[in-house]
Amino acid sequence: MKNLLFLSVVLFLFSCSSDKSIVSIPPFQSIEIDYSDYQSYQAQIKNRSLSGVDVAVLGKVDDQQYRGFGIGSRSTQSVMVEKDAKLVLTNKTGKTVSLSVTPTAMEFPETPEG
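Criteria and thresholds
- Residues numbered from 1 in each chain as written.
- Predicted model: local features only at pLDDT ≥ 70, side-chain atom pairs only at ≥ 80, totals over all residues.
- Heavy atoms only, no water.
- Pairing = 2+ DSSP bridges.
- Helix = DSSP H or I, 4+ residues; strand = E, 2+ residues; numbered from the N terminus.
- Axes fitted to C-alpha atoms, helices over the stretch in contact; angles between N-to-C directions.
- Buried < 20%, exposed > 50% of the residue type's maximum accessible area, 1.4 Å probe, protein only.
- Contact = heavy atoms within 4.5 Å.
- Polar contact = N/O pair within 3.5 Å; in protein donor to acceptor, adjacent residues only side chain to side chain.
- Salt bridge = Lys/Arg side-chain N within 4 Å of Asp/Glu carboxyl O.

A. Representation of the sheet that holds strand E4 (residues 53-59) within the structure. One open sheet accounts for four strands, arranged E2-E7-E4-E5; its pairing is antiparallel. Where the open sheet ends on each side, the last strands, each with one partner, are strand E2 (30-33) and strand E5 (65-71). Taken over all neighbouring pairs, the strand axes of this sheet differ in orientation by 20° on average, direction set aside. Here six bridges tie E4 to strand E7 (residues 85-90), and the two strands are oriented antiparallel to one another. The residue of E7 that forms the bridge with aspartate 54 is threonine 90.

Next up, the structure:
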C-alpha cells in the first residue's frame, strides 16, 4: 500500500511538469492516476513492455468500476476518464512494466439554459 501511495504522489508531481507521463509498475502492484487539472480527459496508454496490463476507470469516492480492459504487450489504447473518476493501472505479472500515459482534455459543448 505504501508503494501505491508513493507511486501516486510521484506520478502526480511528474504530471505537473508534463502532460505525458512515463510510469513503471512493479510486479503485482497497481497505480492510481488522477489528472485533477482536467474536468474529463481521454488517456492514451502505450504499453512499452512485453507483458499485459489491466486498465480500470474507477469512481473516486466508491471505487465503482466504470470500465475496464487489458492492454497487450507493446500496444496502445485510449480510455475516457470522467471528472469523478480515476485511472487505475495494474500489473499482474512477475516483471516490472513500463507505460506512457498521455491525457487530452475533453471539451464539451455548452448547453443552452432553458
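Moving on from the coordinates now.
B. Main features of the sheet that holds strand E1 (residues 21-25). Read across the open sheet, the four strands follow the order E1-E8-E3-E6; overall the sheet is antiparallel. Each edge of the open sheet carries a strand with a single partner, namely E1 and strand E6 (76-81). On average, adjacent strands in this sheet sit at an angle of 30° to one another, irrespective of strand direction. Note: strand E3 (residues 41-47) against strand E8 (residues 97-105), seven bridges, orientation antiparallel. Counterpart to asparagine 47 in the pairing with E8 is leucine 99.

C. Summary view of the environment of asparagine 91. By the secondary structure assignment, asparagine 91 is in the loop between E7 and E8. Among the residues examined, asparagine 91 registers a relative accessible area of 0% and is labelled buried. Apart from the residues within four sequence positions on either side, asparagine 91 is in contact with Ile25, Pro26, Pro27, Phe28, Gln29, Thr96 and Val97. Within the structure, the side chain of asparagine 91 is placed 3.2 Å from the backbone oxygen of proline 26, a separation counted as a polar contact.

D. Main features of the pairing of E8. Examined bridge by bridge, E1 and E8 share five bridges and lie antiparallel to one another. Looking across to E8, one finds that serine 21 is bridged to valine 101.

E. Fine view of the pattern of salt bridges. The full count for this structure, using the stated rule, is five salt bridges. The residue glutamate 32 makes a salt bridge to lysine 86 at a minimum N-O spacing of 3.4 Å. Separated by 54 residues along the polypeptide, glutamate 32 in strand E2 and lysine 86 in strand E7 bring together distant segments of the chain. Lysine 60 is the salt-bridge partner of aspartate 34, the closest N and O atoms lying 3.2 Å from each other.

Coordinates in, geometry out; function isn't part of it.
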